Amino acid sequence: MLLIFFLAIRPGATFAQTDTLSLTLSKAESLFLKHNYDLLASNYEIDQAKAEIITAKLFENPTLEYENLFYNHETKKFFQTSYAYGQYAGSISQLFKLAGKRNKNIKLAQTGVKLAEYEYFDLLRTLKFELVNTFYKTYFSVQSVKVYEEQISSTNQLLKAYDHQLKMGNVATKDVIRIKSLLINLKAEQAGLLNDLEDHYKDLKLLCGLDANISLSLTVDQADFKNGLVDKIPYSSLLDSARANRADLKLAKTDLLYNERNLKLQKAMAIPDIEIGLSYDLKGNYPEKYTGLGIKIPIPLFSRNQGEIKKAQVSIAAADMNIKKQEAIFENEVFNSYKTALRNEKLYAEIDPAFSTDFNTLISALIKNFKARNISLIEFLDLYDAYKENTLQLNKLQFERMSTRAELNYVTGSNIFK
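Values in this document were obtained by computation on a predicted structure and should not be read as measured data.

Draft legend 1. Expanded view of the overall build of the protein. Along its length, the protein carries ten helices and eight strands. In terms of overall dimensions, the protein is more spread out than a globule: its C-alpha atoms have a radius of gyration of 38 Å, far above the 22 Å expected for 418 residues. A principal-axis box enclosing the C-alpha atoms of the protein has dimensions of 130 × 55 × 35 Å. Out of the 418 residues in the protein, the part that is buried amounts to 37%. In the protein, once contacts between residues fewer than 6 apart in sequence are set aside, the share between residues at least 24 apart is 81%.

Shown next, in the form of structure tokens:
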């Protein structure tokens with residue numbers, strides 16, 4: 001009577017798959033680099049910063065001024081320009097920036113480009129970690145869903161068999177109720193896991209710039225789960241890698257450089273600029289047909305840009321403190337991630353590779369004993385639930401191992417684990 005159940009309950013049962021887009025981690029990273037909206041927007045900010053260099057390189061435009069007699073009350077005519085009855089005057093002037101303000105502005109804009117680039121690379125570092133983490137979280141969530149699918153399918157078969165036996169009076173009603181309760185719990189747990197899985201798919205699609213209606217099927221190379229043991233990597237090399245490659249640390253150092261260059265610019269701004277002009281006046285000056293050369297320069301009696309200079313000095317102190325903060329952050333992050341990775345690798349190494357196979361063999365023996373009525377329904381369900389929990393824990397441990405490897409890449413700003 002229970003033959004269908006015994007066939008369905010065996011581990012490794014397959015399930016129908018719908019047509020989906022097959023996605024490996026390398027393919028996901030390729031899509032991420034090409035289509036991630038945050039990266040594309042940050043790249044535009046680099047172009048905007050480069051445009052600031054163009055602006056800084058431009059010279060000031062000359063100023064042209066012209067004045068004409070509007071109305072001659074003697075001749076009762078407008079806009080006369082003749083020597084006998086008219087009058088007009090004109091001038092052209094050019095502002096010349098002193099103290100190297102133009103060059104200092106150019107260097108400041110170039111540093112601004114570096115800031116935008118490091119902001120981009122730091123965003124890339126953060127989002128790539130999120131991508132890898134989400135990819136593996138999704139993959140192992142799918143494997144866990146399959147465990148529930150297997151148990152729900154098997155329990156349904158068991159329930160049908162027991163319903164049939166109940167009608168024949170061979171089993172107790174309480175056993176059928178127990179199986180129904182188990183089935184409800186399994187479906188409720190699976191529903192929660194499926195809700196989380198849909199969120200993971202959504203995050204993955206957003207990171208890769210994929211349409212919402214695309215179905216995904218994630219595939220991984222099983223060799224990735226075995227390669228690159230963490231204990232083979234010296235902790236000091238991780239620190240050196242972080243110090244050399246972390247974009248947020250480079251960003252903090254470049255911010256200090258930016259503020260130092262800004263201080264030089266602000267000090268230069270305290271030095272007045274000179275405006276030189278050439279003018280011509282027909283009859284409004286002496287002598288007539290006057291041609292003059294003029295120089296205009298403000299006298300720095302009150303404003304010598306004291307406020308902006310002070311702000312720049314304070315910004316340098318703040319930027320220097322931020323560098324120390326970033327160094328403390330990356331040292332703590334590397335230490336914490338390294339310890340976590342070692343712990344996860346040690347835990348995984350302690351698991352016998354044949355454990356899953358042995359457990360599957362145990363389940364097969366369990367089915368035979370249950371069929372022969374050597375164990376009770378309660379014992380059978382408890383042991384089979386242990387099989388489910390074992391598989392879920394292995395999936396969780398595998399995810400945490402891959403997640404901590406991705407985190408080591410993140411905290412060191414490098415690709416230690418491919």
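Continuing now.
Draft legend 2. How the structure looks around the sheet that holds strand 7 (residues 274-281). Spatially, 2-5-7-8 is the arrangement adopted by the four strands of the open sheet, whose pairing is antiparallel. The open sheet has two edge strands, strand 2 (63-68) and strand 8 (290-296), and neither has a second partner. Averaged over all pairs of adjacent strands, the angle between strand axes in this sheet comes to 15°, irrespective of strand direction. Two strands pair when backbone bridges link them, and strand 5 (residues 88-96) and strand 7 are joined in this way by eight bridges, in the antiparallel orientation. For Leu95, the partnering residue across the bridge sits in strand 7 and is Glu275.

Draft legend 3. Region of interest: the packing of helix 6 (residues 235-245) against helix 10 (residues 377-412). Relative to each other, helix 6 and helix 10 sit at 50°, their axes nearing to 7 Å. With respect to each other, helix 6 and helix 10 are oriented oblique. Taken together, the residues of helix 10 that come into contact with helix 6 (itself represented by Leu238, Ser241, Ala242 and Asn245) are Leu408, Val411 and Thr412.

Draft legend 4. Representation of the nonpolar core within the structure. With 54 residues, the main nonpolar core has Phe135 and Tyr136 as its most contacted residues. In terms of residues, this core owes the most to one element, helix 4 (residues 101-167), which gives 20 residues. Membership of the second largest hydrophobic core comes to 22 residues, among which are Leu239, Leu249, Ala319 and Ile323.

Draft legend 5. Examining helix 6 more closely. Within the span of helix 6, buried status applies to Leu238, Leu239, Ser241 and Ala242. Within helix 6, the buried residues cover an arc of 160° as seen down the axis, which keeps them to one side. Of the surrounding secondary structure, the elements contacted by the buried residues of helix 6 are helix 8 (306-349) and helix 10.

Draft legend 6. Region of interest: a nonpolar patch on the surface. On the surface, Leu64, Ile92, Phe96, Ile276, Leu278, Leu293, Ile295 and Ile297 cluster together into a nonpolar patch covering about 830 Å² of accessible area. Looking at where Ile276 falls in the secondary structure, it is placed in strand 7.

Cut-offs and rules
Residues numbered from 1 in each chain as written. Predicted model: local features only at pLDDT ≥ 70, side-chain atom pairs only at ≥ 80, totals over all residues. Heavy atoms only, no water. Helix = DSSP H or I, 4+ residues; strand = E, 2+ residues; numbered from the N terminus. Rg over C-alpha atoms; globule rule 2.2 N^0.38 Å. Buried < 20%, exposed > 50% of the residue type's maximum accessible area, 1.4 Å probe, protein only. Contact = heavy atoms within 4.5 Å. Pairing = 2+ DSSP bridges. Axes fitted to C-alpha atoms, helices over the stretch in contact; angles between N-to-C directions. Parallel < 35°, antiparallel > 145°, perpendicular 65-115°, else oblique. Core = buried A, V, L, I, M, F, W, Y, C linked by side-chain atoms within 4.5 Å. Arc of directions from axis to C-beta. Patch = residues over 30% accessible without salt bridge, like charges linked within 9 Å, V, L, I, M, F, W, Y side chains within 5 Å. Areas by Shrake-Rupley, 256 points an atom, 1.4 Å probe, with all protein chains shown as cover. Salt bridge = Lys/Arg side-chain N within 4 Å of Asp/Glu carboxyl O.

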